[in-house]
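Report on the structure
Chain residues, written in single-letter form:
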Amino acid sequence: MSLIWRPFTQMQKAPPTPTVLKAKNTNLFLKNNKKVIDAISSWWVITHGHCKTEIVKAVQKTAKDLDQVLFANFSHEKAEKLIKELSKFLPKNLNKFFFSDNGSTAIEVALKIAVQSFSQKGQAQKKEFLSFKNSYHGDTAGAMSVSARGVFTKAYKRFLFPIHSCSQGQLSTDPDKMFYEDFERKIEKHHKKLCAVIIEPLIQGAGGMIIWPPAVLERICRIAKAEGLYLIFDEIMTGFGRTGTLFAMDQIKTKPDILCLSKGLTGGFLPLALTISTDNIYKDFLSQKKEKALLHGHSFTGNPLSCSAALANLKLIQKNKFKLKNKWAWIEETNKQRLAHFKKHPKVKDVRAKGVIAVIQKESAYESFFAEQASQKALRQGVFLRPLGGTLYILPPYCITKKELHKVWDVIESLF
Ligand SMILES: *Cc1c(COP(=O)(O)O)cnc(C)c1O
């Protein structure tokens, strides 16, 4: 019997898991001598490839001199340099960086900041959130509250706070209309009590890799801003190149007030997260009173090793800017070509692609065991996939070769 209790896994049904001995570039090397292509970047974290030499070296170097230090009392150069480098890619007013160590926590922090900021402005009634159907923002209580409700949240229902959930017409023929109508209606009805709108910009990840047009995002962001609501962008999945630009927000003009990053931040090498807010919000927390501070923190806040991995990731992005853009475009183009095969397939409801992400949607139900079966079948053929219910997708590391990408697609074809 397994001693390990695995995430998101019905252990009674779970097949034994293979042991990974080594990971390099797109490949996982298993104990049974098998080599597997990691077509989903190990849950959307790996950017340049597994064990990217520059990141490994940076972490090794830091590890010799510095481990964890208490970030409430000390600073260190890795965090300082990371902020400086990251700022080059961000809007100027997003300039206050709160560190934590995973995506869900980055969201919790964002929610707390939004509520507390309005409260300290004397608008304590503004404490409700508007989020979107199919959204996923993490697994802690606050993050679950603003996420779509379903089998993943059912057991904890009474512990989650109520939110306003906006429907959207992602797969309908007139998505714009459906989308705006519900959004505008909810804003109009609840704006006095709302503090923030939380969004996965351009692609909703765990909810089924649902792609929205930039124009729709732009419009809802403008409406939210016009009402004085905070815009929280959850770029935990979309960040660091997944949508074909470094950040999804690069594809629209309106910018968020709070930005959450994690996953690809360290190139996927180590856990780290950031909740980045504007100066204006930060100022609401300045006071003579301790209780007006953001009284939140974690043991591993701003871990120096994680920061050095993130710094190395950013340096690689900076150095290979044009190469990466081309690579993202090439992956998207290849994906679109290979998706053509599925367009008229009788078992397929929808195909879509954006950036490095490509999606084949079978059924929408999470309950079906298609995902588990497809995953097992693909693994036997040397490709690691993990469909979201009936939504099969790929999200490969950027180092994937032509041969590897086509192999991934050949294996996907064999599943249908
Ligand atoms: C993965 C993810 C999270 C949660 O991040 P964890 O590090 O897994 O807690 C939040 N939001 C989005 C959009 C994600 O994809």
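Residues numbered from 1 in each chain as written. Predicted model: local features only at pLDDT ≥ 70, side-chain atom pairs only at ≥ 80, totals over all residues. Heavy atoms only, no water.

1. Topic: the nonpolar core
Put simply, the rule reads: Residues belong to one nonpolar core when they are buried, are Ala, Val, Leu, Ile, Met, Phe, Trp, Tyr or Cys, and are joined through side-chain atoms within 4.5 Å. Partly exposed describes any residue whose relative accessible area lies between the buried limit of under 20% and the exposed limit of over 50%, with all areas from a 1.4 Å probe on protein chains only and scaled to the type maximum. Only DSSP runs of H or I covering at least 4 residues are called helices, and only runs of E covering at least 2 are called strands; the numbering of each starts at the N terminus. Contact criterion: two residues are considered in contact whenever any of their non-hydrogen atoms come within 4.5 Å of each other.
With 86 residues, the main nonpolar core has Leu-86, Phe-183, Val-197, Ile-199, Met-209 and Ile-412 as its most contacted residues. Considering every element that reaches this core, the biggest residue donor is helix H7 (residues 214-226), with six residues. Excluding anything up to four places from it in sequence, Val-197 contacts Leu-130, Phe-132, Phe-183, Ile-187, Ala-224, Leu-229, Tyr-230, Leu-231 and Ile-232. Core analysis: the second largest hydrophobic core is formed by 24 residues, Ile-113, Phe-129, Ile-163 and Ile-258 among them.

2. Details of the sheet that holds strand E2 (residues 27-30)
As a general point, the strands of a sheet are linked pairwise by backbone hydrogen bonds and lie either parallel or antiparallel. Applied cut-off: A pair of strands is treated as paired once DSSP finds two or more bridges between them.
Read from one edge to the other, the open sheet built from four strands follows the order E1-E2-E3-E15, with strand pairing classed as mixed. The sheet is open, and its two borders are formed by strand E1 (20-24) and strand E15 (383-384), each paired with just one other strand. Pairing geometry for E2 and strand E3 (residues 35-38), over three bridges, is antiparallel. In the sheet register, Asn-27 faces E3, and the bridge partner there is Ile-37.

3. A look at the packing of aromatic side chains
As a reminder of what qualifies: Classification of ring pairs uses Phe, Tyr and Trp, with its six-membered ring standing for Trp, and accepts pairs whose centres are within 6.5 Å; under 30 degrees between planes counts as stacked, over 60 as edge-to-face, and the remaining range as tilted.
Tallied over the entire structure, the rule returns 13 aromatic pairs. Ring centres 5.3 Å apart and planes at 65 degrees place the aromatic pair Phe-132 and Trp-212 in the edge-to-face group. Residue Phe-132 is located in strand E5 (residues 128-132), and its partner Trp-212 is located in the loop between strand E9 (210-211) and H7; the two are separated by 80 residues in the primary sequence. The same class applies to Phe-132 and to Trp-212, which are both buried. Judged by centre distance (5.3 Å) and plane angle (70 degrees), the ring pair of Phe-240 and Phe-247 falls under edge-to-face. This pair shows no difference in class: Phe-240 is buried, exactly as Phe-247 is. Each residue in the set Phe-342, Phe-370, Trp-409 and Phe-416 is aromatic and connected to the rest through ring pairs, giving one cluster.

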